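These are the residues of each chain, in order.
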Number of protein chains: 2
Amino acid sequence: MVAPAIRVAPSAANRALNLLRTVQYTHPPNCPCHSNPNHHHHHKTPSMLNTVRRHLATPVDPSREKEYAFEMAASSIRFGPGSTKEVGMDFKNMGAKRVCIVTDSNVTKLDAMKQAVEGLTKEGIAFTIYDKVRTEPKDSSIRDAIAFAKPYKPDAFLAVGGGSVIDTAKLMNLYNAYPEADFLDFVNAPLGKGLPVDKPLLPLVAVPTTAGTGSETTGTAIFDLVSKKAKTGIAHRNLKPTIGICDPLNTRTMPSAVHAASGLDVLCHSLESWTAIPYYERTPRPTNPINRPAYQGANPISDIFSLHALRSTVKYLPRAVRDPDDHEAQSQMLLAATLAGIGFGNAGVHLCHGMSYPISSQNPGYKHTGYEVDHPIIPHGVSVAVTAPAVFKFTAASNPDRHLAAAEAFGVDISNVKRESAGEVLGAAIAEFLASLGDQPRGLKDLGFKASDLEGLVEGTLPQRRVLMLAPNLSEELEAEKGELRSLLEESLDY
Amino acid sequence: MVAPAIRVAPSAANRALNLLRTVQYTHPPNCPCHSNPNHHHHHKTPSMLNTVRRHLATPVDPSREKEYAFEMAASSIRFGPGSTKEVGMDFKNMGAKRVCIVTDSNVTKLDAMKQAVEGLTKEGIAFTIYDKVRTEPKDSSIRDAIAFAKPYKPDAFLAVGGGSVIDTAKLMNLYNAYPEADFLDFVNAPLGKGLPVDKPLLPLVAVPTTAGTGSETTGTAIFDLVSKKAKTGIAHRNLKPTIGICDPLNTRTMPSAVHAASGLDVLCHSLESWTAIPYYERTPRPTNPINRPAYQGANPISDIFSLHALRSTVKYLPRAVRDPDDHEAQSQMLLAATLAGIGFGNAGVHLCHGMSYPISSQNPGYKHTGYEVDHPIIPHGVSVAVTAPAVFKFTAASNPDRHLAAAEAFGVDISNVKRESAGEVLGAAIAEFLASLGDQPRGLKDLGFKASDLEGLVEGTLPQRRVLMLAPNLSEELEAEKGELRSLLEESLDY
């Protein structure tokens, strides 16, 4: 298959050989499957030919060219028990004088907020507190938050809370910098215009109080776009917090059920980013680096974080859920959530997250055990993990070796597992892990979904192009894609 | 030993237990030695008592308190063959209009510069070129560079070259932002005042053309302070490049000898940061986070990078040195250099680097094979690696399990190695690896040093407090420390 390129010219022959290497070395250094010469073979030729074309300067429609580079960007991270109280000095060091603190009605009562407020007060920094963040934000709740921030004219933002709080703060910061912008301008296409954020925002310090979203390291913010009946978001590197302060003392207040649900989000962040299509299979190749998405596909740096976070989650999540006094496990889960955040923040997520959005928003009335809320709720982590056994069984064919490496992270002895069984084995390992945590639904049926609800879930998943484009093994043709999503959801009804 | 803390109060008892966990979970999640309950035992108690004191709010002299948090900061990284040409768009996206390009007389002739200049020209961005960077810079050469930049009034910097170029550009950027500062204000104490950099600098894009220093990701700049006859530097997170553009096409021009020498720098960056004292053993605990050094000791995030970079270097450096057409190995070494940069940039280096500075500057006249220079030169990577076998034999006692894990990275079967043999085994593995690269000195004698030169080398090492403070197993008492350094150098004369 190298032949056509080689025939172009003698010099092109060497180039083609080097470029073949170029394609090979886009594989992660720790790729467990280097030993297997056929691995990714189906990737090599197109990628290589694209690269050859590029180097031979034959005109090519960039929209059809594949990516050739990847980018790694992450917030600075500070990690230490008690480090929340340093936040006042951080703002003083930045020269901030008016800070808009963003939190929710629950977290505002917790010690994390007390520490943060004391820190700012001690340094004589003026602040205002917005404590009305909605869990699982809607565009309307975000507009309220933005409207609150603008008149205060803050010179910095501080988010203290879980993913909903940090995501809301990112969007307050974004629209504060673009007062004239239409809300949809930056929303992910196709629902919004997906414009890049072309100027720096104000400093944002994020203090997570859950160990799940990893939002403190990413440029992503997720919310319900009610008008379009879809969960979507805004994603750009410039939305990244300046620093994420990961203080293990702040996650001790999580009830066991929240440990479990948020930990399942970490599990899927790491599994989805580890198995996402490789960045060099993504199209189009951006003509300007500002258009290179944060969700760019698996790459050699995100791989390091994703696999590491997966191993930690398997090791520490069950302990963190079981024993509220196991602070080592809780702390390791906070670290794993942040590492997974750096991983998926630069690689992306795919099917589990894509399907989780309609699962959450089309909730038939399920109330998750251990969540003290007056309305039905499927916690994000639960809605993500419920399809995981089916998803990774399905995606394994795209890269059996990577899926075997993931199964190994769950403690499976893969030495005698055939590559064609990788999906079966990983799917089973995930299902068993979920069961071991207790209080987890054994499929969509336990959440109240019926076979008749599947079409709605499929329709609700289709708009999630930004994540579906990273899904390995998913058909590009719409009807085929619908069929595949439908069978994934069907298989997830119960297991 | 927990007893005294527990007797304080019943509530303190629980706290003490949790804090014991706090100390335990500061160990890296991937710490290979969790299985061994005694591991780091000598660390636990003091750390724990410190933390207890802190939590019981007993007044404690902070200068004697140990660190309790770590911070991870790294430049954004773009990696891809041909990505250098994107640099013009990057500056346009940042709104830069006058760029000061920093390079040296050799690199200025290479394709990397051609690509960068074309990129800027294409976007209509004005620039000036400073191509007089000195390899292994001196304060005088840096002052020249600073004097060149000031009148141009750049709004951004672009460094194209190896570590010397990128380090010089960092300092041009620093003193351009502090025109009134005395050169010694920011230089590492005790040689300089070691003031923190308390404001943001101009954007700096770094395009490495060697795979070694990892300077594109760090806030560190190294140079010879001639007046004090010492190699020292300036280190602060704000010196970090905005983005490092790692383009594997740019390192193909390195001669084999440069591949080898720069790869040895990567080897020691990863080994030294992996074995540096843990961050929670460092004193003093900073009273303001701005004073938390970048070189903070080994921590759970730097560990991930350091061990990964070590494994890659062992796997790919010999190939990159042997075969100039092995672009996969060269590319993997560029990635490894960057990953090691993130690792040591947040953890630090210790003895090999500390002793390398006098070894380079007191060069008796050695000219390294393959370096076309008119003056004697011991390449930085060579001066660092020459003491590595003795150093890691010496440091192993501080943490045998970590040293065994490093030996395993060199391919040693450690299943039957006793912990007390960890140093022997790792030292031998490193010596063998160095020999396998060819054209490497088999000790200081091959560089022309004699036993009578050792005192001078010891004296030249002592001022390197910033790295020596991270050296495991080194005595604090001056005479004992001198003795230990002397025997390390003596043992490094030949092997």
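Calculation criteria
- Residues numbered from 1 in each chain as written.
- Chains lettered and ligands numbered in written order.
- Predicted model: local features only at pLDDT ≥ 70, side-chain atom pairs only at ≥ 80, totals over all residues.
- Heavy atoms only, no water.
- Helix = DSSP H or I, 4+ residues; strand = E, 2+ residues; numbered from the N terminus.
- Buried < 20%, exposed > 50% of the residue type's maximum accessible area, 1.4 Å probe, protein only.
- Contact = heavy atoms within 4.5 Å.
- Expected span 1.5 Å × (residues − 1).
- Bend = angle between axes of the 7 residues up to and from the residue.
- Phe/Tyr/Trp six-rings, centres within 6.5 Å; stacked < 30°, edge-to-face > 60°.
- Lys NZ or Arg CZ within 6 Å of the ring centre and 35° of its normal.
- Pairing = 2+ DSSP bridges.
- Axes fitted to C-alpha atoms, helices over the stretch in contact; angles between N-to-C directions.
- Least-squares fit on C-alpha atoms with pLDDT ≥ 70 in both.
- Salt bridge = Lys/Arg side-chain N within 4 Å of Asp/Glu carboxyl O.
- Parallel < 35°, antiparallel > 145°, perpendicular 65-115°, else oblique.
- Left-handed = near helix turned anticlockwise from the far one by under 90°.
- Nonpolar A, V, L, I, M, F, W, Y, C, P; charged D, E, K, R; others polar.
- Polar contact = N/O pair within 3.5 Å; in protein donor to acceptor, adjacent residues only side chain to side chain.
- Core = buried A, V, L, I, M, F, W, Y, C linked by side-chain atoms within 4.5 Å.
- Right-handed = clockwise from strand over helix to strand, strands pointing away.
- pLDDT = per-residue confidence, 0-100.

A. Representation of the overall build of chain A within the structure. Across its full length, chain A holds 18 helices and nine strands. Going through the 495 residues of chain A one by one, you find that 63% of them count as buried. Contacts spanning at least 24 positions in sequence make up 77% of the contacts within chain A whose residues lie at least 6 apart.

B. Broad picture of helix α9 (residues 300-322) of chain B. All names here are of chain B. Taking 1.5 Å of rise per residue, the 23 residues of α9 would be expected to cover 33 Å, and the 34 Å separating its terminal C-alpha atoms lies within 8% of that figure. In the structure, α9 departs most strongly from a straight axis at Tyr-316, where the bend amounts to approximately 40° and where the proline Pro-318 lies between one and four residues downstream. Most of α9 is tucked away, with 19 of its 23 residues classed as buried.

C. Structural view of the side chain of His-350 of chain B. Residues and elements named next belong to chain B. Residue placement: His-350 occurs in the loop between α10 (327-347) and α11 (351-361). Among the residues examined, His-350 registers a relative accessible area of 0% and is labelled buried. In this structure, His-350 is in contact with Glu-272, Thr-275, Ala-276, Val-391, Phe-392, Thr-395, Val-467, Leu-470, Ala-471 and Pro-472, ignoring residues within four places of it in sequence.

D. Main features of the packing of aromatic side chains. All told, the structure shown has 21 aromatic pairs over all chains when counted by the stated rule. Between the aromatic rings of Tyr-279 of chain B and Tyr-280 of chain B, the centroid separation amounts to 5.3 Å while the plane-to-plane angle is 85°, which identifies the pairing as edge-to-face. Classification of Tyr-280 of chain B as buried rests on a relative accessible area of 3%. Members of the aromatic cluster, joined through ring pairs, are Tyr-175, Tyr-178, Phe-183, Phe-186 and Phe-223 of chain A. Cation over ring: Arg-98 of chain A sits above Tyr-152 of chain A, and NZ or CZ is 4.0 Å from the ring centre. When the ring centre of Trp-274 of chain B is taken as origin, the NZ or CZ atom of Arg-402 of chain B, which lies over that ring, is 4.0 Å away.

E. Spatial organisation of the sheet that holds strand β3 (residues 98-102) of chain B. Across the sheet, seven strands lie side by side as β1(A)-β2(B)-β9(B)-β6(B)-β5(B)-β3(B)-β4(B); this open sheet has mixed pairing. Because the sheet does not close on itself, it has two edges, and the strands there are β1 (70-72) of chain A together with β4 (126-130) of chain B. For this sheet, the mean inter-axis angle between neighbouring strands, taken without regard to orientation, is 20°. In this structure, strand β6 (residues 204-208) of chain B lies alongside strand β9 (residues 243-246) of chain B, joined through two bridges in parallel fashion. Directly across from Val-205 of chain B, in β9 of chain B, lies its bridge partner Ile-243 of chain B.

F. A look at the relation of the copies chain B and chain A. Rotating chain B by 180° about the axis while translating it 0.0 Å along that axis superimposes it on chain A, leaving an RMSD of 0.0 Å. Expressed as an axis order, the relation between the two copies is that of a two-fold axis. A share of 98% of the interface residues of chain B reappears at the interface of chain A, consistent with the copies meeting face to face through the same patch.

G. Examining the pattern of salt bridges more closely. Taken as a whole, this structure holds 58 salt bridges over all chains when the rule is applied. The partner of Glu-123 of chain A in a salt bridge is Lys-92 of chain A, and the shortest N-O contact between them spans 3.9 Å. In this pair, Glu-123 of chain A sits in the loop between α5 (111-122) and β4 (126-130) while Lys-92 of chain A sits in helix α4 (residues 87-94), placing the two residues 31 residues apart along the sequence. Three or more residues joined by partner-sharing salt bridges are found here, namely Glu-67, Glu-71, Arg-237, Arg-282 and Arg-292 of chain A together with Arg-78, Glu-86 and Asp-90 of chain B.

H. Here's a closer look at the packing of helix α8 (residues 256-275) of chain A against helix α14 (residues 400-409) of chain A. All names here are of chain A. Following both chains from N to C, one finds α8 and α14 inclined at 155°, their axes separated by 10 Å at the closest point. One element, α8, and the other, α14, form an angle in the roughly antiparallel class. Between α8 and α14 lies a crossing of right-handed hand. Contacts between α8 and α14 involve Leu-271, Trp-274 and Thr-275 from the first element and Arg-402, His-403, Ala-405 and Ala-406 from the second. A per-class count over the contact of α8 with α14 returns four nonpolar, two polar and one charged.

I. Fine view of the interface of chain B and chain A. Facing the 55 residues of chain B at the interface are 54 residues of chain A. Linking chain B to chain A there are four salt bridges. For Glu-71 of chain B, the salt bridge is made with Arg-78 of chain A, and the minimal N-O distance between the two is 2.7 Å. Linking chain B with chain A are twelve residue pairs in polar contact (both at pLDDT 80 or more).

J. Region of the structure containing α11 of chain B. With respect to burial, α11 of chain B is a largely interior element, ten of its eleven residues being buried. When α11 of chain B is considered as a whole, its buried residues turn out to be Leu-351, Cys-352, His-353, Gly-354, Met-355, Ser-356, Tyr-357, Pro-358, Ile-359 and Ser-360 of chain B.

K. Highlighting the nonpolar core. Formed by 166 residues in total, the largest nonpolar core has its most connected members in Ile-359 and Phe-410 of chain A together with Ile-359 and Phe-410 of chain B. If sequence neighbours within four positions are ignored, Phe-410 of chain B has contacts with Leu-267, Leu-271, Leu-310, Val-314, Leu-426, Ala-429, Ile-430 and Phe-433 of chain B.

L. The arrangement of unusual backbone geometry in detail. The linkage connecting Thr-283 of chain A with the following residue, Pro-284 of chain A, adopts the cis geometry, with an omega of -5°. Its place among the elements puts Pro-284 of chain A in the loop between α8 and α9 (300-322). Phi angles above zero are rare outside glycine, and Glu-136 of chain A is one such case at about 55°. Mapped onto the secondary structure, Glu-136 of chain A falls in the loop between β4 and α6 (139-152). Phi at Asp-439 of chain B takes a positive value of approximately 55°, unusual for a residue other than glycine. Inspection of the secondary structure assignment puts Asp-439 of chain B in the loop between α15 (422-437) and α16 (454-461). Judged by its relative accessible area of 59%, Asp-439 of chain B is exposed.

M. Representation of the pairing of strand β5 (residues 156-161) of chain B. Residues and elements named next belong to chain B. Most of β5 sits out of view: six of its six residues are buried. On β5, burial covers both faces: Ala-156, Leu-158 and Val-160 on one face and Phe-157, Ala-159 and Gly-161 on the other are all buried. The pairing of β5 with β6 spans five bridges and is parallel. Each residue of the ladder has a partner; that of Ala-159, found in β6, is Ala-206. In terms of handedness, the path from β5 via helix α7 (residues 163-177) over to β6 forms a crossover that is right-handed.

N. Highlighting the environment of Ala-230 of chain A. Looking at the element boundaries, Ala-230 of chain A is found in strand β8 (residues 230-235). Along the backbone, Ala-230 of chain A and Thr-461 of chain A are 231 residues apart, and their C-alpha atoms lie at a distance of 8.5 Å.

O. Broad picture of the pairing of β3 of chain B. Residue and element names in this part refer to chain B. Within β3, four of the five residues are buried, which leaves it mostly tucked inside the rest of the structure. As judged from the five bridges shared by β3 and β4, these two strands associate in the parallel manner. Pairing of Cys-100 across the sheet is with Thr-128, part of β4. Pairing analysis gives four bridges linking β3 to β5, with the strands arranged parallel. Residue pairing in the sheet places Cys-100 in a bridge with Phe-157 of β5.

P. Representation of the sheet that holds strand β1 (residues 70-72) of chain B in the model. Strand order in this open sheet of seven strands is β4(A)-β3(A)-β5(A)-β6(A)-β9(A)-β2(A)-β1(B), and the pairing throughout is mixed. Strand pairing shows two members of the sheet lacking a second neighbour, β4 of chain A together with β1 of chain B, which therefore form its edges. Between one strand and the next, the sheet's axes are offset by a mean angle of 20°, whatever the strand orientation. Docked against the sheet, α4 of chain A engages β2 (76-79), β3 (98-102), β5 (156-161), β6 (204-208) and β9 (243-246) of chain A, running at close to 165° with respect to β5 of chain A. Running over the sheet, helix α7 (residues 163-177) of chain A touches β3, β4, β5 and β6 of chain A and is turned about 165° from β5 of chain A.

Q. Just the environment of Gly-119 of chain B, in detail. Residues and elements named next belong to chain B. Examined against the element boundaries, Gly-119 turns out to sit in helix α5 (residues 111-122). For the pair formed by Gly-119 and Thr-217, sequence separation is 98 residues and the distance between their alpha carbons is 22 Å. Among residues more than four places away in sequence, those in contact with Gly-119 are Lys-85 and Gly-88.

R. Up close: the environment of Glu-65 of chain A. Residues and elements named next belong to chain A. By the secondary structure assignment, Glu-65 is in the loop between α3 (41-55) and β1. Given the relative accessible area of 4%, Glu-65 is considered buried. Considered as a pair, Glu-65 and Pro-358 are 293 residues apart in the sequence and their alpha carbons are 32 Å apart. A distance of 2.6 Å separates a polar atom in the side chain of Glu-65 from a polar atom in the side chain of Arg-285.

S. Expanded view of the confidence of the model for chain A. Residue and element names in this part refer to chain A. Overall, the predicted model of chain A reaches an average pLDDT of 88, with 87% of residues at or above 70. Scored below 50 in pLDDT, residues 1-57 makes 107 contacts in the model with residues more than four places away or belonging to other chains. The ipTM for the predicted assembly is 0.86, set against a pTM of 0.88.

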